Amino acid sequence: MTHILTSNNEVDMACEKGVNSESSLQRVSRWYRTGELASLLGVDASTVRRWRTARPPVGPPFVKMSERVFLYSETDVQRWLGSRRTVPGQGAA
């Protein structure tokens with residue numbers, strides 16, 4: 001099973017415990033909370049919540065940490081944005 005480290009502090013603690021970072025750990029560069037993602041995308045936080053609660057969800061993949069805390073990985077957000085990219089003059093994908 002892969003454990004995802006979300007901060008430099010977690011990486012440091014894992015190294016101190018002797019965890020092999022190459023075989024059992026995956027480093028994600030950044031995690032965003034709902035408000036941070038909204039700010040990054042230039043939309044209101046309610047828009048991100050609406051994407052998340054739509055059935056089926058229409059926004060980027062997320063991790064539910066608790067009833068009120070959701071996290072979005074930078075990698076997933078970049079992939080999601082890439083999937084929505086339109087190049088003018090090339091028609092819809």
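Before going into details, it helps to say that this report is about the structure given with it.

**Quick notes on helix α4 (residues 45–53)**
At step 1: Listed in full, the buried residues belonging to α4 are Ala-45, Thr-47, Val-48, Trp-51 and Arg-52. Down the axis of α4, the sector holding all buried residues measures 160 degrees, keeping them to one side. Along α4, exposed side chains directed more than 90 degrees from the buried face belong to Arg-50 and Thr-53.
At step 2: Of the surrounding elements, those touching the buried residues of α4 are α3 (34–41), β5 (70–73) and α5 (74–83).

**So, the sheet that holds β5**
At step 1: An order of β3-β5-β4 is seen for the three strands of this open sheet, with the pairing classed as antiparallel. Of all strands in the sheet, those bounded by a partner on one side alone are β3 (31–33) and β4 (63–64).
At step 2: Sheet analysis places β4 next to β5, joined by two bridges and oriented antiparallel. Opposite Lys-64, over in β5, you have Phe-70 as the bridge partner.
At step 3: Contacts from α3 reach β3 and β5 within the one sheet, and its direction differs from that of β3 by about 100 degrees.

**Re the environment of Arg-30**
At step 1: Inspection of the secondary structure assignment puts Arg-30 in the loop between β2 (25–27) and β3.
At step 2: Residue Arg-30 is classed as partly exposed on the basis of its relative accessible area of 35%.
At step 3: With 44 residues separating them in the primary sequence, Arg-30 and Glu-74 have C-alpha atoms 5.3 Å apart.
At step 4: If sequence neighbours within four positions are ignored, Arg-30 has contacts with Glu-36, Tyr-72, Ser-73 and Glu-74.

**Regarding α3**
At step 1: Turning to α3, its buried residues number three or more, namely Thr-34, Leu-37 and Ala-38. The buried side chains of α3 occupy one side of the element, clustering within an arc of 100 degrees when seen end-on.
At step 2: Looking at the buried positions of α3, the neighbouring elements they touch are β3, α4, β5 and α5.
At step 3: Looking one or two residues past α3, Gly-42 carries a phi angle of roughly 75 degrees, positive in sign.

Reading the values: rules and limits
- Residues numbered from 1 in each chain as written.
- Predicted model: local features only at pLDDT ≥ 70, side-chain atom pairs only at ≥ 80, totals over all residues.
- Heavy atoms only, no water.
- Buried < 20%, exposed > 50% of the residue type's maximum accessible area, 1.4 Å probe, protein only.
- Helix = DSSP H or I, 4+ residues; strand = E, 2+ residues; numbered from the N terminus.
- Arc of directions from axis to C-beta.
- Contact = heavy atoms within 4.5 Å.
- Pairing = 2+ DSSP bridges.
- Axes fitted to C-alpha atoms, helices over the stretch in contact; angles between N-to-C directions.

Just distances and angles here, no functional claims.
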